[in-house]
Amino acid sequence: MAKVTVNFLGPLRLFLGAPAATFEAGCVAEVREVIEKNYGPVFQKKLRSMGVKKSLSLWDNSLFLLNGRSLKKESDAPLKDGDKLDLGVTVAGG
Amino acid sequence: MNGYQGKLLIADLTTGALTDEPLNEKYARDFLGGTGLAARYLFDLVDEKTDPLGPDNPLILMTGLLNGTSGPSVSRWGGVTKSPYTGHYGDANAGAWFGAELKNAGYDGIILKGQAAKPVFLLIKDGVAELRDAADLWGKDTTQTPEEIKKTCGDKRLQIACIGPASENLVRFGNIMSEHGHSLGRAGLGCVMGSKKIKAIAVRGKIKMPMDDSEKFRQAASKAMTEVKEAFLTQWMHEGGTASWVDSAIAYGDGPTKYYTAPTMPEATTISGATMAETCEIGHTACFGCPIRCRKVLQIKEGKYQYEKVEGPEYESLIALGAMMGLELDMSTAVYLNELCNQYGFDTISSGASAGYAFYLYELGIISEKDTGGLKLTWGNTEAAIELLHLIGKNQGFGAIVAGGTRRMTQRYGRPLGEAVQTKGLEIPMHDPRAYHSMGLVYATAPRGADHNKSDGYQVDGGAGHPDLGLDASDRWGDEKAEMVFKSQNFRALTDSLGICHFAQIPFNMIVDMVNTSTGLNMDMEGLLKAGERIFQLQRALSCKLGISSKDDVLPDLILRPIPDGGQEGHVPDMEKMLPEYYKIRDWNNISGKPSRKRLQSLNMPEIATSIGAK
């Protein structure tokens, strides 16, 4: 198990209600599970508050970056202490 | 022809003659609207000899096909000209309300010709146009100008596109500004207005546009509106705006820092859209008919520059006016810099990048305070940056040199052209091709020069894919990009001409429905994508007509130097692999860079092939 801090980038910081969170996990897929459990309801509540009726998944619109490298959503990439993990939206803009 | 007002206004500023010209229906069918349709008109009116700042260079403003309708986020209108900044084809598009109101005023577009002897502004109300004296407006900024015109005309609901002092001073990257900071902001279209001494265009009207089937259009638009309202991109653009990309740009190494030589500076997070939302946002503004409402309204109570109510800067401006010069900005200063550029009315991307190059040269010791008029351009010197931006707006002293852009600066200081981070004379925007390789190809091949909005490159590379185009999400550092760039460039050439915003995720079948029920054209997806390709190839052919060839489809050396630290991890796009593949797909000649005659004929443009001598 590694202790990793996940940065919620840009708008995700607003949708998940926090700039970052720290977890103990063995791989990225485990981090995803914990985020879904802890922040999934926050995400859904935020969308409801904005009037969204359709069911939108956090995971259809975001991706992890492990040490800067984009990962597939179901990645079982192992984690080690000190790894940099970011969760960002899948669309760039501006 | 349904879906159009059916006429253009031809304004001869030399003689003062204002005449209506019927819309060329063939052009409208083939190029739809916006920058596509405008480029087709421009093709007939300019050549290599046309002086961009002379009376013979037209400035063409064109509404997007769907402007003014009840479609969602279809406010974007465009302009084209022979660019005084790059010397070849220039275009730009913007949102806000001007395009919709121009349609309501009874026109699909305006062609400005000639040069007025003294400052004027153009007023169009319900199909009636007149030129008015603008002597009292000359010198006013881009907030004062529309306020004065509304007051003079006694009409608060006029929509106004104007220039600021920068374009009056013939700053080559001067903008045309419409309200709330929206701008036709690249390639110097405002400078052409300045050369013609036309300060502003004010429009208003209630002329109904004929639709092929109003009820079916209403139904199609309503469905599309529901889709946009429910899309995740809509939610994040509303909450964070483009400025919220700043944090991601830091992680991905996407935001050019210290003139493209350093990892994206993490300090930029203090001015991100998320920070705005958390600290100083008091509301949003929207373009015509847009449910996204992505523009932020801020109240700045802390810092050196305070505002009761001010437009929030967009991502491009935040990076170009900050990290590019190594500035560690607080929100107050970031807003001030953005306002400064908007009030003078010049391009934040080209000005920020050109100023960044000046800082780079100063740090290298190539230029000194003797050259800069006393400015100490060390990375992070915010006060020097502010002074330099003022000088750019005034086109004075060292500012006049920087206002010429990076390419002219390399010539002036005897530096290699590869230090000028531009393509075809236009500076590369704030999505670094070392962070998204596809953007290298997009920048190298965009008809007007570096243009981040002429594809969905970073969207697909960023993991979103594009199902309607059959494009799966891809890796941001691969170099199998030619097909994706080709398809998404065609798609964006199409949506720009229809007036659809990039942030509106409208399923393609609904776009087809809106086009068909408004115009009666009976198009399908394939037909519309072919129109997109036709528009892109036309704009390319026009670039070639004005002197561009394959030698101009290159990225500058400086942006091909790896930055090992930060989000780029030392990656650089492999242009030698991507470009030949792309040329083959586009059917461009390897030397002349021209589209082939066969390809242009297949796109129903034999006359364009003949005009440029395509083989």
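Residues numbered from 1 in each chain as written. Chains lettered and ligands numbered in written order. Predicted model: local features only at pLDDT ≥ 70, side-chain atom pairs only at ≥ 80, totals over all residues. Heavy atoms only, no water.

Peer 1: Break down the overall build of chain A for me, citing the residues and quoting the values.
Peer 2: Within chain A, the secondary structure is distributed over two helices and five strands. For chain A, the N- to C-terminal ordering of α and β elements is β-α-β-α-β-β-β. Oriented by its inertia axes, the alpha-carbon framework of chain A measures out at about 40 × 30 × 20 Å. Here chain A, with 94 residues, has 55% of them falling under the buried criterion. For chain A, the proportion of contacts with a sequence separation of at least 24, taken over those separated by at least 6, is 57%. On chain A, roughly 4,300 Å² of surface is accessible, and the fraction owed to carbon and sulfur atoms is 52%. Of the side chains in chain A, 14 bear a positive and 10 a negative charge, and the two mean positions are spaced by 11 Å. (Helix = DSSP H or I, 4+ residues; strand = E, 2+ residues; numbered from the N terminus. Buried < 20%, exposed > 50% of the residue type's maximum accessible area, 1.4 Å probe, protein only. Contact = heavy atoms within 4.5 Å. Areas by Shrake-Rupley, 256 points an atom, 1.4 Å probe, with all protein chains shown as cover. Lys, Arg positive; Asp, Glu negative; His and termini not counted. Charge placed at Lys NZ, Arg CZ, Asp CG, Glu CD.)

Peer 1: Explain the interface of chain B and chain A residue by residue, including any values.
Peer 2: Each partner contributes residues to the interface: chain B has 42 residues there, and chain A has 30 residues. Looking only at chain B, the three residues that lose the most surface to chain A are Glu230, Phe232 and Glu239 of chain B, adding up to 25% of its buried area. Joining chain B to chain A, the criterion identifies four salt bridges. Seen at the junction of chain B and chain A, the total is six residue pairs in polar contact (both at pLDDT 80 or more). Sorting the residues of the side of chain B that touches chain A by element identifies α7 (214-230), α8 (232-240), α9 (245-252), α10 (273-279), α11 (315-320) and α19 (457-461) of chain B as the ones contributing at least two each. With eight residues, the single largest contributor to the side of chain B that touches chain A is α8 of chain B. Split into classes, the residues belonging to the side of chain B that touches chain A amount to 16 nonpolar, 16 polar and ten charged. (Buried area = accessible area lost by both parts, 1.4 Å probe. Salt bridge = Lys/Arg side-chain N within 4 Å of Asp/Glu carboxyl O. Polar contact = N/O pair within 3.5 Å; in protein donor to acceptor, adjacent residues only side chain to side chain. Nonpolar A, V, L, I, M, F, W, Y, C, P; charged D, E, K, R; others polar.)

Peer 1: Lay out the pattern of salt bridges in plain terms, naming residues and giving numbers.
Peer 2: Side-chain pairs of opposite charge can arise where the charged atoms are in close proximity. Following the criterion strictly, the structure yields 37 salt bridges over all chains and no others. Of the charged contacts in the structure, one is a salt bridge between aspartate 83 of chain A and lysine 80 of chain A, with a shortest N-O distance of 3.1 Å. What makes lysine 80 of chain A exposed here is its relative accessible area of 54%. Between aspartate 456 of chain B and arginine 492 of chain B there is a salt bridge, with the nearest N and O atoms lying 2.8 Å from each other. Note that aspartate 456 of chain B is positioned in the loop between α18 (437-445) and α19 and arginine 492 of chain B in helix α20 (residues 482-498), a separation of 36 residues in sequence. Among the residues examined, aspartate 456 of chain B registers a relative accessible area of 4% and is labelled buried.

Peer 1: Lay out the packing of α20 of chain B against helix α21 (residues 508-519) of chain B in plain terms, naming residues and giving numbers.
Peer 2: Angle between the axes and distance between the axes: these two values describe a pair of packed helices. Residue and element names in this part refer to chain B. For the pair α20 and α21, the least separation of the axes is 13 Å and the interaxial angle reads 40°. If you check the angle between α20 and α21, you find them oblique. For the crossing formed where α20 meets α21, the hand is left-handed. For the pair α20 and α21, the contacting residues are Phe491, Leu494 and Leu498 in the first and Phe508, Ile511 and Val515 in the second. Here the residues of the contact of α20 with α21 are counted per class, giving six nonpolar, no polar and no charged. (Axes fitted to C-alpha atoms, helices over the stretch in contact; angles between N-to-C directions. Parallel < 35°, antiparallel > 145°, perpendicular 65-115°, else oblique. Left-handed = near helix turned anticlockwise from the far one by under 90°.)

Peer 1: Describe the side chain of aspartate 496 of chain B, and please don't skip the residues or the numbers.
Peer 2: Residues and elements named next belong to chain B. Within the secondary structure, aspartate 496 is located in helix α20. Residue aspartate 496 is classed as buried on the basis of its relative accessible area, which comes to 3%. Once residues lying within four places of it in the same chain are set aside, the contact partners of aspartate 496 are Gly34, Thr35, Asn93, Asn453, Lys454 and His502.

Peer 1: Describe the environment of methionine 209 of chain B, with residues and values.
Peer 2: Residues and elements named next belong to chain B. Looking at the secondary structure, you find methionine 209 in the loop between β12 (198-204) and α7. Taking the relative accessible area as the measure of exposure, methionine 209 reaches 13% and is therefore buried. For the pair formed by methionine 209 and glycine 68, sequence separation is 141 residues and the distance between their alpha carbons is 8.7 Å. Setting aside residues no more than four positions away along its own chain, methionine 209 makes contact with Gly3, Tyr4, Gln5, Asn67, Thr69 and Lys103.

Peer 1: Please set out helix α22 (residues 525-545) of chain B residue by residue, giving values where relevant.
Peer 2: Compared with the 30 Å implied by 1.5 Å per residue over 21 residues, the 30 Å span of α22 of chain B between its first and last C-alpha is a close match. Most of α22 of chain B is tucked away: 16 of the 21 residues are buried. (Expected span 1.5 Å × (residues − 1).)

Peer 1: Go over the pairing of strand β6 (residues 109-113) of chain B, please, and point to the residues and values.
Peer 2: Residues and elements named next belong to chain B. Among the five residues that make up β6, four are buried, leaving the element largely enclosed by the rest of the structure. Direction of pairing for strand β1 (residues 7-12) relative to β6: parallel, over a ladder of five bridges. Bridge pairing in β6 links leucine 9 to isoleucine 110. Bridging between strand β3 (residues 59-62) and β6 involves four bridges; their strand directions are antiparallel. By the bridge assignment, isoleucine 60 is partnered in β6 with isoleucine 111. (Pairing = 2+ DSSP bridges.)

Peer 1: Talk me through the sheet that holds strand β3 (residues 62-66) of chain A; I want residue IDs and the actual numbers.
Peer 2: Residues and elements named next belong to chain A. Spatially, five strands are ordered β2-β1-β5-β3-β4 in an open sheet, and the strand pairing comes out mixed. Two strands in the sheet have a free side with no partner beyond their single neighbour: β2 (20-25) and β4 (69-70). Bridge analysis of strand β1 (residues 2-8) against β2 gives six bridges, and the strand direction is antiparallel. Within the sheet, the bridge partner assigned to threonine 5 lies in β2 and is threonine 22.

Peer 1: Please provide a residue-by-residue account of the environment of serine 354 of chain B, values included.
Peer 2: All names here are of chain B. Inspection of the secondary structure assignment puts serine 354 in helix α13 (residues 348-364). Look at serine 354 and you get buried, because its relative accessible area is 0%. Each C-alpha atom of the pair serine 354 and methionine 409 lies 8.4 Å from the other, and the pair is 55 residues apart in sequence. Apart from the residues within four sequence positions on either side, serine 354 is in contact with Tyr85, Phe173, Val402, Gly405, Thr406, Met409 and Glu427.

Peer 1: Describe the packing of aromatic side chains, with residues and values.
Peer 2: Each aromatic ring pair is specified by the distance between its two centres and by the angle formed by the two planes. Residues and elements named next belong to chain B. Taken as a whole, this structure holds 24 aromatic pairs over all chains when the rule is applied. A ring pair is formed by phenylalanine 173 and phenylalanine 346, whose centres lie 6.0 Å apart and whose planes are at 55°; its orientation type is tilted. Here phenylalanine 346 lies in the loop between α12 (331-344) and α13 and phenylalanine 173 lies in the loop between α5 (165-168) and β10 (176-177), a separation of 173 residues in the sequence. Comparing phenylalanine 173 with phenylalanine 346 shows no difference in burial state: the two are buried. Geometrically, the ring pair formed by tyrosine 252 and tyrosine 436 is tilted, given 5.9 Å between the ring centres and 35° between the ring planes. Note that tyrosine 252 is positioned in helix α9 and tyrosine 436 in the loop between β17 (426-427) and α18, a separation of 184 residues in sequence. By relative accessible area, tyrosine 436 is classed as buried at 0%. Ring-pair connections join several aromatic residues into one group, and the members of that group are Tyr85, Phe173, Tyr344 and Phe346. Here the guanidinium or amino end of lysine 199 rests over the ring plane of tryptophan 138, the centre of that ring lying 6.0 Å away. (Phe/Tyr/Trp six-rings, centres within 6.5 Å; stacked < 30°, edge-to-face > 60°. Lys NZ or Arg CZ within 6 Å of the ring centre and 35° of its normal.)

Peer 1: Just give me the short version of the domain arrangement of chain B, but keep the residues and values in it.
Peer 2: All names here are of chain B. Taken as a whole, chain B is organised into domain 1 (7-204), domain 2 (244-414) and domain 3 (432-612). One C-alpha centre belongs to domain 1, the other to domain 3; they are set 26 Å apart. The interface is formed by 36 residues belonging to domain 1 together with 39 residues belonging to domain 3. Between domain 1 and domain 3 lies a buried interface of about 3,100 Å² when both sides are counted; carbon and sulfur atoms form 66% of it. Counting across the interface, domain 1 meets domain 3 through three salt bridges. Where domain 1 meets domain 3, there are 19 residue pairs in polar contact (both at pLDDT 80 or more). (Domains from an automatic or database assignment.)

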